[in-house]
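Residue-level listing of the chains:
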Amino acid sequence: MLEILTKLTSARKKPYKKTVVELEPHVECFRMDSQSQGRFTLPFYLMTAILGVLVLLAFFFWLVYEDKTMVRVCFWMQLLMAPFYIPGLYYYSMYYEQDKDTELELDKKNELVKYTGKRHNLLFHKNQVEKVEVHLSMAFPYQLDYLSLHLKGGRQIHISSLVIDPKTMIRWFGRKPTVSRRWFNALPRCA
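Residues numbered from 1 in each chain as written. Predicted model: local features only at pLDDT ≥ 70, side-chain atom pairs only at ≥ 80, totals over all residues. Heavy atoms only, no water.

**What about the environment of Ala82?**
Thought 1: Its place among the elements puts Ala82 in helix α3 (residues 69–99).
Thought 2: With relative accessibility at 26%, the residue Ala82 sits in the partly exposed group.
Thought 3: Separated by 35 residues in the primary sequence, Ala82 and Met47 place their C-alpha atoms 9.7 Å from one another. (Helix = DSSP H or I, 4+ residues; strand = E, 2+ residues; numbered from the N terminus. Buried < 20%, exposed > 50% of the residue type's maximum accessible area, 1.4 Å probe, protein only.)

As structure tokens, then:
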């Protein structure tokens, strides 16, 4: 009997690959979006690869030809990229740390939103949202946007584009949002 049960449960398990999971036909669940993560981290992967190749080339030219020109080029390239590279890693880690446990469920049939985060576990109706704000980031490669939902009772929820695209939420609410554009978006902490 135990063997039959284990076969049935193992046959039902499917690997989790999508960020959008259909729980019921009218409920969508959103978690960390790997496509948004990839779009944000791609410039940092490229910078790391370029700097790694430059370090190897500089080391090669210094050992084989005893030429320090490539070492100087490598040093100056690292100094030029550091102002973008180091703050970007910090910026991304802050967004990731806040959103890694965030889950958002949209129930289209009942018009309910379930938000689960580090500090909140909220279930509210679509009509309880008083104001929708979209905060767009203009600085490349730090293009992480977030959506702020102002609920009745004074509570605010902030959802970054790593979880769900703000345009999807705007379409779902069917309201015109307040849009603010900044060079760098710092995702506020939920109170």
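**So, helix α4 (residues 166–173)**
Thought 1: Considered for burial, the residues of α4 that qualify are Pro166, Met169, Trp172 and Phe173. All buried residues of α4 fall inside an arc of 125 degrees around its axis, so they share one side. Turned more than 90 degrees away from the buried face of α4, the exposed residues are Lys167 and Arg171.
Thought 2: After α4 finishes, the residue Gly174 shows a positive phi value of roughly 70 degrees. (Arc of directions from axis to C-beta.)

**A word on the packing of aromatic side chains**
Thought 1: For the structure shown, the criterion picks out six aromatic pairs.
Thought 2: Following the ring pairs from residue to residue traces out a cluster consisting of Phe60, Phe61 and Tyr65.
Thought 3: Over the ring of Trp172 we find Lys126; its NZ or CZ atom is 5.1 Å from the centre of that ring. (Phe/Tyr/Trp six-rings, centres within 6.5 Å; stacked < 30°, edge-to-face > 60°. Lys NZ or Arg CZ within 6 Å of the ring centre and 35° of its normal.)

**Some remarks on the sheet that holds strand β8 (residues 156–160)**
Thought 1: With respect to topology, four strands assemble into an open sheet ordered β8-β7-β6-β9, the strand pairing being mixed. Among the strands making up the open sheet, the edge pair consists of β8 and β9 (178–182). Neighbour-to-neighbour, the strand axes of this sheet turn through a mean angle of 20 degrees, independent of strand direction.
Thought 2: Contacting β6 (129–137), β7 (146–151) and β8, α4 runs over the sheet at an angle of about 35 degrees to β7. (Pairing = 2+ DSSP bridges. Axes fitted to C-alpha atoms, helices over the stretch in contact; angles between N-to-C directions. Contact = heavy atoms within 4.5 Å.)

**Considerations on the nonpolar core**
Across soluble globular proteins, nonpolar side chains have a tendency to be buried as a group.
Thought 1: Residues Leu104, Phe124, Leu149, Ile159 and Met169 are the most contacted members of the largest nonpolar core, which totals 21 residues.
Thought 2: Elements that contribute at least two residues to this core include exactly β3 (103–107), β4 (112–116), β5 (121–125), β6, β7, β8 and α4.
Thought 3: With residues near it in sequence (within four places) discarded, Leu149 still touches Phe124, Val129, Lys131, Val132, Arg155, Gln156, Ile157, Ile159, Met169 and Phe173.
Thought 4: Core analysis: the second largest hydrophobic core is formed by 12 residues, Met32, Met47, Tyr92 and Leu144 among them. (Core = buried A, V, L, I, M, F, W, Y, C linked by side-chain atoms within 4.5 Å.)

**Regarding unusual backbone geometry**
Thought 1: Phi is positive for Glu66, which is not a glycine, with a value near 55 degrees.
Thought 2: For Glu66, the position within the fold is in the loop between α2 (34–64) and α3.
Thought 3: On the accessibility criterion, Glu66 (68% relative accessible area) is exposed.
Thought 4: The phi dihedral of Glu111 is positive, around 55 degrees, even though this residue is not glycine.
Thought 5: Judged by its relative accessible area of 31%, Glu111 is partly exposed.

**Quick look at the pattern of salt bridges**
Thought 1: Summed over the entire model, instances satisfying the criterion amount to four salt bridges.
Thought 2: For Glu103, the salt bridge is made with Arg31, and the minimal N-O distance between the two is 3.0 Å. In this pair, Glu103 sits in strand β3 while Arg31 sits in the loop between β2 (27–30) and α2, placing the two residues 72 residues apart along the sequence.
Thought 3: Looking at Glu103, the relative accessible area reads 21%, which means it is partly exposed. (Salt bridge = Lys/Arg side-chain N within 4 Å of Asp/Glu carboxyl O.)

**A word on the confidence of the model for the protein**
Thought 1: Per-residue confidence for the protein gives a mean pLDDT of 77, with 78% of residues at or over 70.
Thought 2: The model gives residues 1–18 a pLDDT under 50, and that stretch makes two contacts with residues more than four places away or in other chains. (pLDDT = per-residue confidence, 0-100.)

**A short note on the pairing of β7**
Thought 1: Counted residue by residue, β7 has six buried out of six residues, so it is predominantly covered.
Thought 2: Judged by which residues are buried, β7 turns out to be covered on both faces: Tyr146, Ser148 and His150 on one side and Leu147, Leu149 and Leu151 on the other are all buried.
Thought 3: Bridge count between β6 and β7: six bridges; the pairing is antiparallel. Considered in β7, the bridge of His135 is made with Tyr146.
Thought 4: Pairing of β7 with β8, which is carried by five bridges, proceeds in the antiparallel orientation. Bridge pairing links His150 to Gln156 in β8.
Thought 5: Taking the residues between adjacent antiparallel strands as the criterion, β7 and β8 are bridged by four residues, where Gly153 takes a positive phi near 100 degrees.

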